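Examining the three-dimensional arrangement
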Amino acid sequence: MSAATTRGRTARTARTPAPDRLCAEAVDLARAAAEEAAAPGIVGEHVAVVSEGDRVVTHYFECKDPGYRGWRWAVTVARASRAKNVTLDETVLLPGSDALLAPEWVPWSERLRPGDMGPGDLLPTEADDLRLEPGYTGADEVPPNSAVAAVTGELADVVDVEDAELTTRPEAPRRGSIAAVAEELGLRRARVLSRYGLHAAADRWDEEFGPKTPMAQAAPASCASCAFLMPLAGSLRQAFGVCANEFGPADGHVVSLSYGCGGHSEAAVMPKPPAAVPHALDTVRVDEYPLHGEAAASGTPEDRDPA
């Protein structure tokens, strides 16, 4: 036998040592520990013995609990070097290969889907959210993206309260201040949509009500020429609007100007009602029909009966 073969076999033996005989025979000790940790009648048959290291062995028992199908009771025992007494290490319930497991935990921010929010729910927004950016700044105003507060001074006292309610309106800005100009321009908000947020919203709206949808492909015309379109304000005005056709599939939704449906205001014109066809029989005019006596009296003397 070569030295390389000896070293390889020694390494394999060190990685997976054979189960210690005394620890492997301590099945009753392991069962008693499992029954003490579990309810009566839950511990089943002994199914396996696994070596965990030198003089350390884990005994596996079947779990009969209906709620833990496929799980196993694992009891680890060990003994000291040159000792004959086997002692208990730990007892746990572990899943087997066919165990029924709960799905992997996912943070709420990744589980949240559109439409999940209900009445009374609060959705916190991170201070470094890529979809937002500071709304306005100024020397006489608190920067909305400062380290002290991520919102305006009016809300700084209530941001830490989970269910806070704003009961008083913020005071009007001083005339001539940056806040007054920002309010006049519609920008007096702590944060506004960033370019990334605008692009993300545009992609989302274009996917649901855009030119590539089956409804738009079959439409007679686009929303750009529809009277029911209400254009948006801001930089998205050139690409999106809101549908105001109550009978359309996108009523109240943001639609692309390239979107369309069969409810286009100018796509179809109501036909004029057909003109009434005259009656075949005129029941209004009075027709004169002579009687037999009148016809005989109006005849010539030659035509009369000589008798």
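The preceding data block contains the structure.
Let us look at the structure shown here. (Residues numbered from 1 in each chain as written. Predicted model: local features only at pLDDT ≥ 70, side-chain atom pairs only at ≥ 80, totals over all residues. Heavy atoms only, no water.)

Observations regarding the pattern of salt bridges
Pairing is possible between side chains that carry opposite charge, provided their charged atoms lie close to one another. Enumeration over the complete set of coordinates arrives at three salt bridges. The salt bridge partner of Glu25 is Arg21, with a shortest N-O separation of 3.5 Å. (Salt bridge = Lys/Arg side-chain N within 4 Å of Asp/Glu carboxyl O.)

Some details on the nonpolar core
In this structure, Val43, Phe61, Trp73 and Val75 are the most contacted members of the largest nonpolar core, which totals 15 residues. Mapped onto this core, the elements with two or more residues apiece are helix H3 (27-37), strand E2 (56-63) and strand E3 (71-78). Sort the elements by how many residues they give to this core and E3 lands first, with four residues. Beyond its immediate sequence surroundings of up to four residues, Val75 is in contact with Ala30, Ala33, Ala34, Val57, Thr58, His59, Phe61, Leu88, Glu90 and Thr91. In this structure, Phe209, Cys223, Ala250 and Val255 belong to the second largest nonpolar core, which totals eight residues. (Core = buried A, V, L, I, M, F, W, Y, C linked by side-chain atoms within 4.5 Å. Buried < 20%, exposed > 50% of the residue type's maximum accessible area, 1.4 Å probe, protein only. Helix = DSSP H or I, 4+ residues; strand = E, 2+ residues; numbered from the N terminus. Contact = heavy atoms within 4.5 Å.)

Side note on helix H6 (residues 195-208)
Along an α-helix, a turn takes 3.6 residues, which lines up residues three or four apart on a common side. An ideal rise of 1.5 Å per residue puts 20 Å on 14 residues; H6 measures up with 20 Å between its terminal C-alpha atoms. If you check which residues of H6 are buried, you get Gly197, Ala201 and Ala202. With its buried residues spanning 130° around the axis, H6 presents them on a single face. Those residues of H6 that are exposed and aimed more than 90 degrees away from the buried face are Arg195, Tyr196, Asp203 and Glu207. Summarising the contacts, the buried residues of H6 are in contact with strand E6 (191-193) and strand E8 (240-243). (Expected span 1.5 Å × (residues − 1). Arc of directions from axis to C-beta.)

Section: the sheet that holds strand E7 (residues 229-231)
As summarised here, the arrangement of the three strands in space is E7-E8-E9, forming an open sheet in which the pairing is antiparallel. A single partner strand is all that each edge strand has here, and the edge strands are E7 and strand E9 (254-256). Averaged over all adjacent pairs, the angle separating strand axes in this sheet is 45°, with direction ignored. Both E8 and E9 contribute to a ladder of three bridges, which runs antiparallel. Following the sheet pairing, Gly241 is matched in E9 by Val255. (Pairing = 2+ DSSP bridges. Axes fitted to C-alpha atoms, helices over the stretch in contact; angles between N-to-C directions.)

Quick notes on the side chain of His59
Structurally, His59 can be placed in strand E2. With residues near it in sequence (within four places) discarded, His59 still touches Cys23, Ala24, Ala26, Val27, Ala30, His46, Ala48, Val49, Trp73, Ala74, Val75 and Val77.

Some remarks on a nonpolar patch on the surface
Among the surface-exposed residues, Trp108, Leu112, Met117 and Leu123 lie close enough to one another that they form a single nonpolar patch of about 370 Å² accessible area. If you trace the backbone, Met117 turns up in the loop between helix H4 (108-111) and strand E5 (132-134). The exposure class assigned to Met117 is partly exposed, which follows from its relative accessible area of 44%. (Patch = residues over 30% accessible without salt bridge, like charges linked within 9 Å, V, L, I, M, F, W, Y side chains within 5 Å. Areas by Shrake-Rupley, 256 points an atom, 1.4 Å probe, with all protein chains shown as cover.)

Describing empty space enclosed by the protein
Here the idea is plain: a probe the size of a water molecule rolls over the atoms and shows the empty space left. Evaluated as defined, the whole model comprises one cavity of 30 Å³ or more. What the largest cavity holds in volume is close to 90 Å³. Around the largest cavity, the lining is made up of 13 residues, and of these Cys223, Cys226, Phe228, Cys243 and Cys261 lie nearest the centre. A breakdown of the residues in the lining of the largest cavity according to their chemical character gives nine nonpolar, four polar and no charged. (1 Å grid on protein atoms, 1.4 Å probe; cavity = no way out; pocket = protein on both sides within 12 Å on 5 of 7 lines; lining within 4 Å. Points joined across faces, edges and corners; volume = space filled by probe spheres on them. Nonpolar A, V, L, I, M, F, W, Y, C, P; charged D, E, K, R; others polar.)

Here we look at the packing of aromatic side chains
Aromatic ring pairs are reported here in terms of the distance separating the ring centres and the angle at which the planes meet. Counted according to the given criterion, the structure contains three aromatic pairs. With a centroid separation of 5.7 Å and 80° between ring planes, the pair formed by Trp205 and Phe240 is classed as edge-to-face. With Trp205 in helix H6 and Phe240 in strand E8, this residue pair connects regions lying 35 residues apart in the sequence. Between the NZ or CZ atom of Arg72 and the centre of the ring of Tyr60, over which it lies, the distance is 4.3 Å. (Phe/Tyr/Trp six-rings, centres within 6.5 Å; stacked < 30°, edge-to-face > 60°. Lys NZ or Arg CZ within 6 Å of the ring centre and 35° of its normal.)

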